[in-house]
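What follows is each chain in one-letter form.
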Amino acid sequence: RATAHVEAASQLKIAANRIATIQRVHRRLHCLDGVQNVAFKQYLEAFCDDFAAMLPPSSAPGAAIEFESVELDLPTKTAIPLGFIVNELVMNAVKHGNGRIWIKLVKKTAESSALSVSNDGPALPQGFDPSTTKGLGMKIVRSFVQQIGGQLLIGRNEEGQVACTRF
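Keep in mind that this is a model prediction, so the values were computed, not measured.

Caption draft 1: Examining the overall build of the protein chain more closely. For the protein chain, the helix and strand inventory stands at four helices and seven strands. When the elements of the protein chain are put in sequence order from the N terminus, they spell out α-β-α-β-β-α-β-β-α-β-β. The buried share among the 167 residues of the protein chain stands at 36%. Across the protein chain, every contact between residues at least 6 apart in sequence was considered, and the portion connecting residues at least 24 apart equals 66%. When the accessible area of the protein chain is evaluated, it comes to approximately 9700 Å², of which 53% is carbon and sulfur surface.

This is how it looks when you write it as structure tokens:
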């Protein structure tokens with residue numbers, strides 16, 4: 001806070017916000033210790049409420065987090081990494097988006113589901129490959145997607161930029 005270097009202060013504030021957000025997610029997920037299954041729709045609803053309360057005042061006008069989810073009980077070993085995936089994707093959407101963020105969880109088949117986080121931000125660069133990005137957030141996402149045996153898909157749909165994890 002005391003640095004006179006504006007860019008350093010800005011980057012430190014971003015890092016502090018990320019740490020605070022991860023701490024909230026971790027605290028919420030820590031409550032799941034010993035639990036076999038997680039009602040993930042309720043988890044997402046609480047996450048959205050927490051995260052919306054933390055949106056910076058400098059957020060774009062109309063900034064909001066909306067979610068749609070089926071009732072889905074997930075094993076804790078899937079729910080916890082998925083919680084961190086949601087956190088990182090929403091953080092990225094806040095950082096690069098222009099307002100609204102959508103979180104959607106759908107059941108694809110009896111054995112698979114898909115989680116998507118979309119925003120109305122600018123398009124990703126042509127040829128964007130999440131496996132080659134150097135950003136910490138995408139490394140975290142890729143690691144957790146791998147941990148749950150999922151597949152990470154990034155692109156655009158009718159709502160804007162989207163990252164989807166199939167598991």
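Text resumes after the structure shown.
Caption draft 2: Structural view of helix α4 (residues 136-147). In this model, α4 (12 residues) spans 16 Å end to end at C-alpha, consistent with the 16 Å of a helix rising 1.5 Å per residue. The first or second residue beyond α4 is G149, which carries a positive phi of 70 degrees.

Caption draft 3: Region of interest: the nonpolar core. Core analysis: the biggest nonpolar cluster contains 31 residues, and F40, F47, L82, I85, V90, I103 and L115 have the highest contact counts within it. Elements supplying a minimum of two residues to this core: α2 (40-54), α3 (76-96), β4 (100-107), β5 (113-119) and α4. The element best represented in this core is α3, accounting for nine residues. Among all residues touching F40, those that are not within four sequence positions of it are L72, L74, A79, L82, G83 and L105.

Caption draft 4: Expanded view of α3. When the terminal C-alpha atoms of α3 are compared, their 30 Å separation across 21 residues agrees well with the 30 Å that a helix rising 1.5 Å per residue should span. The buried count for α3 comes to 15 of 21 residues, which makes it a mostly enclosed element.

Caption draft 5: Spotlight on the packing of α3 against α4. One can describe the packing of α3 onto α4 by two numbers: an axis separation of 9 Å at closest approach and a directional angle of 155 degrees. On the basis of the axis angle, α3 is roughly antiparallel to α4. Where α3 crosses over α4, the two elements pack in a sense that is left-handed. Here P81, F84, I85, E88 and L89 of α3 lie close against α4, whose contacting residues are G137, I140, V141, F144, V145 and Q147. Along the lines of polarity and charge, the residues of the contact of α3 with α4 split into eight nonpolar, two polar and one charged.

Caption draft 6: Seen up close, the pattern of salt bridges. One pass over the structure, following the stated rule, counts two salt bridges. The closest approach of N and O atoms between E71 and K41, which form a salt bridge, is 3.7 Å. Residue E71 is found in the loop between β2 (64-69) and β3 (73-75), and its partner K41 is found in helix α2; the two are separated by 30 residues along the sequence. Residue K41 is classed as partly exposed on the basis of its relative accessible area of 25%. The salt bridge partner of E66 is R100, with a shortest N-O separation of 2.9 Å. Highlighted residues: E66 in strand β2 and R100 in strand β4, separated in sequence by 34 residues.

Rules used in this analysis
- Residues numbered from 1 in each chain as written.
- Predicted model: local features only at pLDDT ≥ 70, side-chain atom pairs only at ≥ 80, totals over all residues.
- Heavy atoms only, no water.
- Helix = DSSP H or I, 4+ residues; strand = E, 2+ residues; numbered from the N terminus.
- Buried < 20%, exposed > 50% of the residue type's maximum accessible area, 1.4 Å probe, protein only.
- Contact = heavy atoms within 4.5 Å.
- Areas by Shrake-Rupley, 256 points an atom, 1.4 Å probe, with all protein chains shown as cover.
- Expected span 1.5 Å × (residues − 1).
- Core = buried A, V, L, I, M, F, W, Y, C linked by side-chain atoms within 4.5 Å.
- Axes fitted to C-alpha atoms, helices over the stretch in contact; angles between N-to-C directions.
- Parallel < 35°, antiparallel > 145°, perpendicular 65-115°, else oblique.
- Left-handed = near helix turned anticlockwise from the far one by under 90°.
- Nonpolar A, V, L, I, M, F, W, Y, C, P; charged D, E, K, R; others polar.
- Salt bridge = Lys/Arg side-chain N within 4 Å of Asp/Glu carboxyl O.

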